[in-house]
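For reference, the chains in residue letters:
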Amino acid sequence: MNLNQLKSIPEWTQLPSPPIFCSEVSMQLDMATEEAKLQQQIQYLQIQLELERQEYTHQLEQIQKFQSLLQYITEQIRDGLDDRKLLTIITQKLVDLLQLNRCQIELYHPCLTSVTVTYEYTSSLPHCQGLTREIADFPQIYQSLLQRKIWQSVEIMPGYHASLQLVNQLACPIFYHQGVLGNIWLIRQTEAKFGELEISFLQQVANKCAIAIGQSQLHAKTKAQLQEIAKQERHKNEFIKHLAQELRTPITNISLAAQTLESLMTPGEILDPKIVSQLLQILHHECGRENKLLKDLLTFAYLKNHPEPPILITINFLTWLSPIVESFRDVTSCQQQLLHLDMPTEIPPVSTDITDLEKIITLLLNQACQCTAPGKSITVTADLNADTVELKVSISGVEIPQHELSQVFQPFYRIPKHSSWQAQNTGLELILVKTMVQRLDGLIYVTSANSQTTFIMQFPLLPVF
């Protein structure tokens, strides 16, 4: 084929020029690459969608489990399950549900200065139930929790395994309108923090715990109040029973004396003056006894039902006390008892109701004179103790059994008598003493050991009412 023949070939049968051909090939390659990228993106999106679907399904299942547990807790609270059993169950179920290594419920002490791990469930870690923590040792943590805020941290906790472990801790406060009760602690060996769903669920569990604890406290308070009411009712019934017995005894003696006197008054017979004198003495003594009992009873009832503030007068305590004690000198001498008054050189002026205070000292010295055997001593001691005046009345030779010390200031309790002094004892003297001491913003208690009984009173220099 010659050159002329080549020139006669049609244009459409001629090959494209090299630049045009390369451009078309490049475009085809780009399209294939884009298609591959799109295919990869589609596959990635499909994987992402599947992961999201799985995550959504997992969250949905988790929510259902959370709701099931919350429903269970609500039903147990409704049915009145003991809060100790319920909180124990909650710690176990939280460990199982959230795949924890440990769950603790700690409760604050009333002063909010310490907290004790009261409930705990753990799958592998050492037990800490009963452990008490001081709030001051962990100020950052408990400052947040006491402000009713969530606390979460990731820490390295050596000692549980051969290698160091990252431990995630989440604490949620348990509180209600009256204050903070405690905290729920979740501990899990993982780097990942607890999610929002878990935190929200834990807060709802904490609210349920607060309801259970509050309901238990209310039940305990109500039970204690009912027990106190029953106790007061028993005391009232015992008081009425003893009062009836005390009132009946003088009346019985008066009735017997009157009947005897009546039987002796036969017409035409001369009465024996000695017998008449004895009968009249009995009548006077028993009438006086009945009158004193009624007077002490009215005083006791008045102080209980009309707690009016005392009338305060500032006195020199030592100068005022001495004559009252000395007024019993003749009685103790007749009974061969030793009376001592021991006072320091100086006691600051005392503001008190002198009528009540004199009655207190007189009643106690009356008791001491009746209980002290001949040859034994009665010692009155006054001293200054910080910002109070301490007054003691000690009786030697008398010892009250330890199991009776709590009964000394109850109505109609009587200390055994050793004296022949025929002072009238109604059994209301010591309860009157305690009532009047408290009325003066004071404190009284009794100790007894080594054949000696001591009544100890403390009165403020400046009482506050």
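The structure we're discussing is the one just above.
> Is there a simple way to explain the pattern of salt bridges in this structure?
In a structure, side chains of opposite charge can pair up when their charged atoms sit close to one another. Enumeration over the complete set of coordinates arrives at nine salt bridges. Taking the shortest distance from any N to any O, the salt bridge between Arg102 and Glu120 comes out at 3.0 Å. Here Arg102 is found in strand S1 (residues 102-108), whereas its partner Glu120 is found in strand S2 (residues 114-122), with 18 residues between them in sequence. For the residue pair Arg102 and Glu120, the accessibility class agrees, reading buried in each case.

> Looking at this structure, how should I read the side chain of Gln169?
In this fold, Gln169 is placed in strand S5 (residues 166-176). The contact partners of Gln169, leaving out residues within four places of it in the chain, are Trp151, Gln152, Ser153, Glu155, Trp185, Leu186, Ile187 and Phe194.

> Just to check I follow, could you spell out a nonpolar patch on the surface for this structure?
Where nonpolar side chains cluster on the molecular surface, the patch consists of Val154, Ile156 and Leu166 and spans about 230 Å² of accessible area. Tracing the backbone through its elements, the reader meets Leu166 in strand S5.

> Looking at this structure, I do not really get unusual backbone geometry. What am I missing?
Working note: non-glycine residues mostly have negative phi, and peptide bonds are mostly trans. Of note in the backbone geometry, Ala386 takes a positive phi value of approximately 60° without being a glycine. Tracing the chain through its elements places Ala386 in the loop between strand S10 (377-385) and strand S11 (388-396). The class for Ala386 is exposed, based on a relative accessible area of 67%. The residue Ser451 is not glycine, and still its phi comes out positive at about 60°.

> Help me out: how do you make sense of the packing of helix H6 (residues 273-305) against helix H10 (residues 429-439) in this one?
For any two helices packed against each other, the geometry comes down to the angle between their axes and how far apart the axes lie. Two numbers describe how H6 lies on H10: the axes approach to 10 Å, and their chain directions differ by 30°. The pairing of H6 with H10 is recorded here as roughly parallel in orientation. For the element pair H6 and H10, the recorded crossing hand is left-handed. Taking contact as the criterion, the partners of Lys292, Asp296, Thr299, Phe300, Leu303 and Lys304 in H6 are, on H10, Glu429, Ile431, Leu432, Thr435, Met436 and Arg439. Residues belonging to the contact of H6 with H10 are distributed by class as follows: five nonpolar, two polar and five charged.

> Explain the state of the cysteines here, please?
Here, the word disulfide means a covalent bond between the sulfur atoms of two cysteines. One pass over the structure, following the stated rule, counts zero disulfides. You can see Cys371 has no disulfide; the closest cysteine sulfur is in Cys369, sitting 9.3 Å from it.

> Quick question: what am I supposed to make of the packing of aromatic side chains here?
One pair of aromatic rings is described through two measures. These are the centre distance and the angle between the planes. Going through the model one piece at a time under the given rule, you end up with five aromatic pairs. Pairing Tyr108 with Tyr142 gives two aromatic rings, centres 6.3 Å apart and planes at 75°, and the pair type is edge-to-face. Placement of Tyr108 in strand S1 and of Tyr142 in helix H4 (residues 139-146) is noted, with a sequence separation of 34 residues between them. For Tyr108, a relative accessible area of 10% puts it in the buried group. Both rings, one in Phe317 and one in Trp320, keep their centres 6.3 Å apart while their planes meet at 35°; by these two values the pair is tilted. Here Phe317 pairs with Trp320, and both are found in helix H7 (residues 317-326), just three residues apart, close to one helical turn. Linked through ring pairs, Tyr108, Phe138 and Tyr142 together constitute an aromatic cluster. The ring of Tyr72 is capped by Lys93, whose NZ or CZ atom sits 5.1 Å from the centre of that ring.

The rules behind the values
Residues numbered from 1 in each chain as written. Predicted model: local features only at pLDDT ≥ 70, side-chain atom pairs only at ≥ 80, totals over all residues. Heavy atoms only, no water. Salt bridge = Lys/Arg side-chain N within 4 Å of Asp/Glu carboxyl O. Helix = DSSP H or I, 4+ residues; strand = E, 2+ residues; numbered from the N terminus. Buried < 20%, exposed > 50% of the residue type's maximum accessible area, 1.4 Å probe, protein only. Contact = heavy atoms within 4.5 Å. Patch = residues over 30% accessible without salt bridge, like charges linked within 9 Å, V, L, I, M, F, W, Y side chains within 5 Å. Areas by Shrake-Rupley, 256 points an atom, 1.4 Å probe, with all protein chains shown as cover. Axes fitted to C-alpha atoms, helices over the stretch in contact; angles between N-to-C directions. Parallel < 35°, antiparallel > 145°, perpendicular 65-115°, else oblique. Left-handed = near helix turned anticlockwise from the far one by under 90°. Nonpolar A, V, L, I, M, F, W, Y, C, P; charged D, E, K, R; others polar. Disulfide = S-S within 2.5 Å. Phe/Tyr/Trp six-rings, centres within 6.5 Å; stacked < 30°, edge-to-face > 60°. Lys NZ or Arg CZ within 6 Å of the ring centre and 35° of its normal.

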